[in-house]
Protein chains: 2
Amino acid sequence: MTGSEDRPTWKAVAVRATPYVRVDPETLRSNIAAMQHFCDSQGLALRPHIKTHKSIEIARLQLSEGAVGLSVATVGEAEVFADTVAEHGADVLIAYPVAASAERLGRLGRRVRTIVGVDSREGIGRAADAGVAVSIEVDSGLGRTGVPAEDARALAEYSRSLGVTVTGVFTFPGHGYGMRSARRDAASDEAAALSRACDGLRAAGITDPVASGGSTPTAAFVHGDVLTELRPGVYVFMDAVQLALGAATPEKVALTVRTTVISTAVPNQFVLDAGAKVLGMDRPGFVATHGLLPAYPGTRLARLWEHHAVVETPDGVDRPMLGEQVNVVPNHVCATVNLVDELFVGNEVWQVAARGHNA
Amino acid sequence: MTGSEDRPTWKAVAVRATPYVRVDPETLRSNIAAMQHFCDSQGLALRPHIKTHKSIEIARLQLSEGAVGLSVATVGEAEVFADTVAEHGADVLIAYPVAASAERLGRLGRRVRTIVGVDSREGIGRAADAGVAVSIEVDSGLGRTGVPAEDARALAEYSRSLGVTVTGVFTFPGHGYGMRSARRDAASDEAAALSRACDGLRAAGITDPVASGGSTPTAAFVHGDVLTELRPGVYVFMDAVQLALGAATPEKVALTVRTTVISTAVPNQFVLDAGAKVLGMDRPGFVATHGLLPAYPGTRLARLWEHHAVVETPDGVDRPMLGEQVNVVPNHVCATVNLVDELFVGNEVWQVAARGHNA
């Protein structure tokens, strides 16, 4: 224990410092094509939600493949994607009741055809001042935002009284994030709410309203006879929650976090250099881990700190060596992407252009 | 319901789009001064952990107030703060076993006096190649990284055999994040582990080893007769977890997230435009909420999505109006800061310079 000759060596060849986020371009493209094909086969327009990837390159792939427009979560996201959407002759839906000022919405509307989510007269008033179209959010069982379906008519009439274009109605069946029949039940709730709301819009004189719903876990159960449009987001990358829900299979996982094993000192566990600041802290009740290690089945990412993960390895289960690099499938990929500025996609680096654009 | 004269108006004057992160500069300065004063009174050096704020301006305040150096979580953070630390004639401790290459650590060491955390011979070998000093991490009960205290001696001897300077030992008493006696017990465990480890270092010929511990919740119970250095982080801002632990009082909370009420449609709840993408998803078992609303006592931030929070308001409890702006104290302020690029501090905007520097 004196010279350098018997020094243990660091196993991994550190090409790039870990942790970082890798995307497999083949799987990404395949996921985008498959969802477009599914929507085409159901007669549905696809309006993917970019909150998952926040990246211009991926939005271009989606629009080129046939998406009619984009869904975004915030005005800040819409501003980042405005030129890309306009280039493709598409439009953007801010798929929540928007708190932004009419002035800001108006500036956005002059750059790209804009539809803002509304669930109140206040919101419709600002859309009128901004000169943008609206889609009326209805609640289909999540109990977050959106009016009851039977109130859509009154909001549509109010919109028309102010000269505001109503494109249709939308809902987010977020209660489909659950086990057993939750996905199927939420898709039914979605269809029922949108159907009732569309009846109201037609009574208000709006012919052919858009009936927009959908999420990655409910897509497989979509009622194609009621909906006209789907807004999934996570499908481009998939994640451990989608695997747990049965909404994804392992070969569809396009994004992983590359990590290094930094400690194997304690038996039956090892420590990774990736924590909540890259994996995110999301863990729904039906998921027992903070992420999956496909190369090490039987392990469980049991504890997570800001920069560390402790992975439990029961007796008889393989574990990696100190210094080895290991891929982790995060629980909620939207949270992971929102924590990094760059995605490493094959040999390319794509910016997470709208990262942190919460406002 | 026809003209604009009876349109409900948006209540808030939107000076800046919400959500955004506000810091009260008076409270921040007071917290920094108070922790420095506390350490001075205990005869402890203060080496604050910058993972909480990741901001050059706040590091300067800490160093000017008397901090002996900074603690950082990653090499990437050390690189961002290197010049600031060097300007103050201080040094930087990477307070975890570091996975970075010797080449990268060497480049850092030529910019600023660098101490890297180690808990393996591999780590010590890279420190030797990099020409930087080490501090040996010992576990004091958290069970994450660090060797048992009795193994510190062997690592110290190994370091010396490679010509590596050992500054001392450090531990993170993270099991102090718990209720009842957890904070006091963890501080005792910390002192016991550091005391044993320092005995080992002295036996290895290292006189006056640094015994570095501490965290915001355990600071009040620190054993000043054993420790020589404290590394708290959260104390600059405080948060809802520290309030729950009794480690902070409301007047010490320096950081809040400014949000807007975007829906009051459902009775006994309202919806904010701030979700997990700005508040973070951390919620330890002993905390019943995803954040606190000081202006609305009795409410509970019960459900959190990426861009929304649903706040429950029991009967008889005040709730804000639609469009009103409301401050939220996040559960874990380190997570919140790592989600934004800017802090709004009084009339100034400070960059979160090391945001996302996980590698």
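From a predicted model like this one, the values you see are computed outputs, not experimental measurements.

Scoring rules and cut-offs
- Residues numbered from 1 in each chain as written.
- Chains lettered and ligands numbered in written order.
- Predicted model: local features only at pLDDT ≥ 70, side-chain atom pairs only at ≥ 80, totals over all residues.
- Helix = DSSP H or I, 4+ residues; strand = E, 2+ residues; numbered from the N terminus.
- Rg over C-alpha atoms; globule rule 2.2 N^0.38 Å.
- Buried ≥ 20, exposed ≤ 12 C-beta atoms within 10 Å, placed from the backbone.
- Contact = placed C-beta atoms within 7 Å.
- Axes fitted to C-alpha atoms, helices over the stretch in contact; angles between N-to-C directions.
- Left-handed = near helix turned anticlockwise from the far one by under 90°.
- Nonpolar A, V, L, I, M, F, W, Y, C, P; charged D, E, K, R; others polar.
- Domains from an automatic or database assignment.
- Pairing = 2+ DSSP bridges.
- Right-handed = clockwise from strand over helix to strand, strands pointing away.
- Parallel < 35°, antiparallel > 145°, perpendicular 65-115°, else oblique.

A. The overall build of chain A, seen in detail. Each helix and strand counted, chain A has 10 helices and 17 strands in total. Taking 359 residues into account, the globule formula puts the C-alpha radius of gyration at 21 Å, and chain A, at 22 Å, falls close to it. Taken over the C-alpha atoms alone, chain A extends approximately 85 × 40 × 35 Å along its principal axes. Scored against the burial criterion, the 359 residues of chain A give a buried share of 57%. Within chain A, residue pairs in contact and separated by at least 24 positions form 64% of the contacts whose partners lie at least 6 positions apart.

B. Molecular detail of the packing of helix H1 (residues 25–42) of chain A against helix H2 (residues 56–65) of chain A. All names here are of chain A. Closest axis-to-axis distance for the H1/H2 pair is 10 Å, and the angle between their directions is 35 degrees. When you trace H1 past H2, the crossing you get is right-handed. Contact residues: H1 offers Arg29, Ile32, Ala33 and Gln36, while H2 offers Leu61, Gln62 and Glu65. Looking at the contact of H1 with H2, its residues break down into 3 nonpolar, 2 polar and 2 charged.

C. Here's a closer look at the domain arrangement of chain A. Residues and elements named next belong to chain A. Domain boundaries in chain A define domain 1 (49–232) and domain 2 (248–351). Look at where the C-alpha atoms of domain 1 and domain 2 centre, and you get two points 33 Å apart. Residue-level contacts link 9 residues of domain 1 with 9 residues of domain 2.

D. Broad picture of the pairing of strand E7 (residues 166–170) of chain A. Residues and elements named next belong to chain A. For E7, a buried count of 5 out of 5 residues is recorded, marking the element as mostly surrounded by other parts of the structure. Of the pairings in the sheet, the one linking strand E6 (residues 133–137) to E7 comprises 4 bridges and is parallel in character. Looking across to E7, one finds that glutamate 137 is bridged to phenylalanine 170. Tracing the backbone out of E6, into helix H6 (residues 152–161) and back to the parallel element E7 gives a crossover that is right-handed. Pairing geometry for E7 and strand E8 (residues 210–213), over 3 bridges, is parallel.

E. Seen up close, the interface of chain B and chain A. Every contact between the two is made by 60 residues of chain B and, on the other side, 60 residues of chain A. Looking at the side of chain B that touches chain A, the elements with two or more residues in it are strand E4 (91–97), helix H5 (121–130), helix H6 (152–161), strand E10 (255–263), helix H9 (276–279) and helix H10 (333–337) of chain B. Here the element with the most residues in the side of chain B that touches chain A is H5 of chain B; it accounts for 4 residues. Residue composition of the side of chain B that touches chain A, by class: 30 nonpolar, 18 polar and 12 charged.

F. Focus on the packing of helix H4 (residues 102–111) of chain B against H5 of chain B. Residues and elements named next belong to chain B. At a closest axis distance of 8 Å, the pairing of H4 and H5 adopts a crossing angle of 50 degrees. When the axes of H4 and H5 are compared, the pair comes out oblique. The two elements H4 and H5 meet at a crossing, and its hand is right-handed. Between H4, through Ala102, Leu105, Gly106 and Gly109, and H5, the contact on the second element is made entirely by Arg126, Ala127, Asp129 and Ala130.

G. The arrangement of the sheet that holds strand E7 (residues 166–170) of chain B in detail. Residues and elements named next belong to chain B. Spatially, the 8 strands line up as an open sheet ordered E2-E9-E8-E7-E6-E5-E4-E3, and their pairing is parallel. The open sheet has two edge strands, strand E2 (45–46) and strand E3 (69–72), and neither has a second partner. Sheet analysis places E4 next to strand E5 (residues 114–118), joined by 4 bridges and oriented parallel. Bridge assignment links isoleucine 94 to a residue of E5, and that residue is valine 116. Packing of helix H7 (residues 182–203) onto the sheet brings it into contact with strand E6 (133–137), E7 and strand E8 (210–213), and relative to E7 it is tilted by some 155 degrees.

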